[in-house]
Amino acid sequence: MARGRLRIYLGAAPGVGKTYAMLEEGQRLAAVGADVIVGFVEPHGRRPTAALAEGLETIARRTMEYRGAAFTEMDLDGVLARRPQVALVDELAHTNVPGSRHAKRWQDVEELLDAQIDVVTTLNVQHLDSLGDVVRQITGVPQREALPDEVARRADQIELVDLPPELLRRRMLHGEIYPAERIEAALTHYFRIGNLTALRELALLWLADRVEEGLQRYRAEHGITTPWETRERIMVALTGGAEGGTLIRRAARVTARVPGSELLALHVVPSDGLTHGDQATLAAQRELVESLGGSYHQTTGDDVPESLLQFAEAENVTQIVLGASRRGRLSTFLRGGVGHRTIRRSGPIDVLVVTHEHASGADSALRLPHPSRATGPRRFWTAIALATVTLPAMTLLLVLLGEHVDLALALVLFLLAVVVIALVGGLVPALFAALVAGLLADYYFAAPVHSLRVERFADVLALVVYVVTAVVVGTAASTAARRTYQAVRASAEARALSRLATAMMHGRDLPELLEQVREDFGLEAVSLLERDSGHAAEPHWFVVASTGTDAPERPYEADVESPVGDNLTLAARGHPLSGDDQRVLGACAAQLGMAYSHSRLAAHDAETGLRATAEHTRASILLTASRDLRDPLRAADGALGSLPARGDAEETRLLDHVRSSVRRGLQLVEDLDELSRLHAGALDLYLRPVDLDELLTAVLDALGPGGHTIRCVLPEQLPDVIADAAVLTRVMTALAAEAQRHSPTELSALLTAEARSGQVEIRVTDGTDEGPRGSERETRPSRVAADSLTLRMSRDLTETMGGTLETVAVGPGFVVKLTLPAAAPRRGGH
């Protein structure tokens, strides 16, 4: 059946304009003659949004009661009965009031779509189910409403409604998103610049993935297999050899030269599941790829070029980077190398063949196969010895049987011996045994006897067939033995790693995990050691956890060591480990390193959470205290100002002191509010050239009459400063008031300014830094409190404007130096 079309306006956070965009689309559709109704719109008190809904037919909401309270929801039956062409339904992830037909609004929308009604809706990225944990980690706020990603993926059109974080915070500050009582808390917590930037990135990346899915779906539906170079995707093929690092770096350099390109690495594993590459080398190359910003992949296939090209076509790869062949000329002639075959089949995909130090070098020389890893040197030589003893003994026994044994029987028995030798020692001993047995059969059982010459053609054919059969059967037996060994080995390795991973998931502590490793490898003692990076000259190690008797405390005390990183290593005492065991121990060490890192991160997160909670509590208390203090202080200031003047000088002096203290308290409360707004990022600045003469007039007016005087000394030709006039007035007023408060009775506070190499330096002092007052200044204690609230507020505001503020240690007096960028000289002079 035909369904309605779903269009989603996606936003990174509340307030970006999703509902407004949805209503604009509704007005546009209505203007071209479409039958549009408003099923549910939540303007959240925003007048422009509510005004945009005017003129559109609105289906009245349905009122429902839940726990004694009344709630309104979309009237689904009313919309279905009205049956419009397009329905506007806000907040797709909304949870309906219990008792509704559906638990979620997206289920209501699905019913509308099934009724062939097009739906235009809105969604915030934090409500996508797959991103819930990420959003909670970023913002610290769990999402109560979640939308299954599959619902959003099925949308016919998704449009991103985006605003820069700074503009969104400005809208919040101006009251365009939340009511006034929620603004400060929102700016301080959820609407921080970092949170909004991260949510914006999540929305962009999620939408980019949907665009990529749509492109791949279109290519698949239209049978398009040739790459579309919408962006460069460069794939490097890895064999597990030592040349992989060179290829990865070469591919990364190519990627870096093309903006927006993507780096992929692919290793092809044979279909039997047994990789031919060295696992430690592949692990290092994977780490290198990921450190360069690429992604590592594995695929299965016996035809390497075909597997490479299938993956390249599926991932829309535009370039393939291959290493030059390590095979010799004869081998390449008999069967073309991977590079040659890949180039021949690549079609429109470019193939870059990179030379390296291992290409067609000593590694390509013709040599006999080395003993199988499944057998090892001991079993190899055991099989050679077994062939040397068994074949002559079997020949002697058959000769003693005399006429009862012919050539055919001898060859069958010799073939059985070859199979046994292949199972013990692998292919090379089997080939040796087949040749020796063939010569023995020819000498003792083929006419003429006791001669290597063969008279009958049938005997020649039997010997040739025997040798060929022995080689084939020996090869098959050797391969079966090797792969059986590898399968058993892989099963044991997987079991060991699985047990360790399961123990980690169950929250076992490090000593228990180390004990499990010790038991798996039959070691005497195991330690996890960490190096103290503070001891650069001589490494200092300490034991993170250990198990067993006499566990090593230093890496050089261990019989076996497996480094995890630069500062972490797994050290063990016991019997030496084989190369395969060492490799598995390295994997276990990596898991133990992860467990240790996770435990440290968990402890750090817990500590950080406690600190953040304490900081938040302290900030809340300060904000609450400042608000609670402001009104009483203002009332006290007004009451003191209304008191009539009396003739008593002492009483007047005390009253002035009380007024000064109350105003000082009001100033501190305002400083607290200013700091809170500044640190919450809610302070808007307008930087422009500011005339200091005009600004100082405003400062003197703000200081008001009374108190100590302040002298201003400025040169005639002083350039303007780049600053926010209101903020700089606030800073200068606060500093001047502090200077007046600290200046002695017989002196006046002093404000001077001078231009220095593109900057203007302003000094505010209490006057004690002038004149020869050495002895008196040395005996008076310093009055500069570098950590006072006024100085801290002034410093933070000045740095926000691009300037600096510092206290100057000149005697015990109050001396503050403020430096701001100078504006370019005005035309026609200052």
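As shown above, the structure is provided for reference.
Here is what the cut-offs are and how they apply
Residues numbered from 1 in each chain as written. Predicted model: local features only at pLDDT ≥ 70, side-chain atom pairs only at ≥ 80, totals over all residues. Heavy atoms only, no water. Helix = DSSP H or I, 4+ residues; strand = E, 2+ residues; numbered from the N terminus. Buried < 20%, exposed > 50% of the residue type's maximum accessible area, 1.4 Å probe, protein only. Contact = heavy atoms within 4.5 Å. Areas by Shrake-Rupley, 256 points an atom, 1.4 Å probe, with all protein chains shown as cover. Pairing = 2+ DSSP bridges. Axes fitted to C-alpha atoms, helices over the stretch in contact; angles between N-to-C directions. Core = buried A, V, L, I, M, F, W, Y, C linked by side-chain atoms within 4.5 Å. Salt bridge = Lys/Arg side-chain N within 4 Å of Asp/Glu carboxyl O. Phe/Tyr/Trp six-rings, centres within 6.5 Å; stacked < 30°, edge-to-face > 60°. Lys NZ or Arg CZ within 6 Å of the ring centre and 35° of its normal. Parallel < 35°, antiparallel > 145°, perpendicular 65-115°, else oblique. Nonpolar A, V, L, I, M, F, W, Y, C, P; charged D, E, K, R; others polar.

Thoughts on the overall build of the chain
Working step 1: In terms of regular secondary structure, the chain is built from 25 helices and 24 strands.
Working step 2: Within the chain, the fraction of its 830 residues that count as buried is 40%.
Working step 3: Of the contacts formed within the chain by residues at least 6 apart in sequence, a portion of 70% connects residues at least 24 apart.
Working step 4: For the chain, the accessible area works out to roughly 44400 Å², and carbon and sulfur atoms hold 56% of it.

Quick look at helix α4 (residues 105-114)
Working step 1: In terms of residue burial, α4 counts as a mostly covered element, since seven of its ten residues are buried.
Working step 2: In the segment just after α4, Q116 is the residue with positive phi, at about 65°.

Some points on the sheet that holds strand β10 (residues 262-269)
Working step 1: Spatial strand order, β11-β10-β9-β12-β13: five strands in an open sheet with parallel pairing. Each of the sheet's edge strands pairs with one partner strand only, and the pair in question is β11 (295-300) and β13 (350-354). On average, each strand axis in the sheet is tilted by 25° relative to the strand beside it, whichever way the strands run.
Working step 2: By the bridge criterion, six bridges tie strand β9 (residues 233-238) to β10 in an arrangement that is parallel. Directly across from I234, in β10, lies its bridge partner L263.
Working step 3: Running over the sheet, helix α14 (residues 338-345) touches β12 (319-323) and β13 and is turned about 160° from β12.

Structural notes on the environment of R210
Working step 1: By secondary structure assignment, the location of R210 is in helix α9 (residues 193-221).
Working step 2: Between the alpha carbons of R210 and I158 there is a distance of 8.8 Å; along the sequence they are 52 residues apart.

Quick notes on the nonpolar core
Working step 1: If you look at the biggest cluster of nonpolar residues, it comprises 63 residues, and the most contacted ones within it are L88, L112 and L147.
Working step 2: Examining the composition of this core, we find that five residues originate from one element, α9, more than from any other.
Working step 3: Beyond its immediate sequence surroundings of up to four residues, L147 is in contact with L92, A93, W106, L123, H127, L128, D129 and A152.
Working step 4: Residues V731, A739, V760 and M801 belong to the second largest nonpolar core, which totals 32 residues.

Structural notes on the pattern of salt bridges
When the charged atoms of two side chains lie near each other, side chains of opposite charge can form a pair.
Working step 1: Taken as a whole, this structure holds 23 salt bridges when the rule is applied.
Working step 2: The partner of R5 in a salt bridge is D156, with the nearest N and O atoms 3.9 Å apart. Of this pair, R5 sits in the segment before β1 (6-11) while D156 sits in the loop between α6 (149-153) and β8 (157-161), placing them 151 residues apart in sequence.
Working step 3: Judged by relative accessible area, which is 41%, D156 ranks as partly exposed.
Working step 4: Two residues, R105 and E73, come together in a salt bridge whose shortest N-O distance is 3.1 Å. One end of the pair, R105, is in helix α4; the other, E73, is in strand β5 (residues 69-73), and 32 residues separate them in sequence. There is no split in this pair, since R105 and E73 are both buried.
Working step 5: Among the charged side chains, a network of salt bridges with common partners joins E754, R756, E761, E806 and K817.

Here we look at the packing of aromatic side chains
Working step 1: According to the stated counting rule, one finds one aromatic pair in the structure shown.
Working step 2: Sitting over the ring of F40, R61 keeps its end group 4.0 Å from the ring centre.
Working step 3: When the ring centre of F40 is taken as reference, the NZ or CZ atom of R105 above it lies at 3.8 Å.

Thoughts on the side chain of S794
Working step 1: Tracing the backbone shows S794 in helix α25 (residues 789-800).
Working step 2: The class of S794 is buried, set by a relative accessible area of 0%.
Working step 3: Those residues in contact with S794 that sit more than four places away from it in its chain are V731, A734, L735 and L805.

Digging into the packing of helix α10 (residues 244-256) against helix α11 (residues 279-291)
Working step 1: Contact geometry for α10 and α11: axes closest at 10 Å, N-to-C directions at 10°. Classified by the interaxial angle, the pair formed by α10 and α11 is roughly parallel. In this structure, α10 contributes G244, G245, I248 and R249 to the contact, and α11 contributes Q285, L288 and V289.
Working step 2: A breakdown of the residues in the contact of α10 with α11 according to their chemical character gives three nonpolar, three polar and one charged.

Digging into the sheet that holds β1
Working step 1: Taking strand neighbours across the sheet as the criterion, the six strands line up as β3-β2-β6-β7-β1-β8 in an open arrangement whose pairing is parallel. In this open sheet, the two strands that pair with only one neighbour each are β3 (57-58) and β8.
Working step 2: Pairing between strand β2 (residues 36-40) and strand β6 (residues 86-89): four bridges, direction parallel. Residue pairing for β6: F40 is matched across the bridge by V89.
Working step 3: Against the sheet, α4 engages β1, β2, β6 and β7 (118-124), with an angle of about 175° to β6.

Any functional reading would require information that these geometric values do not contain.
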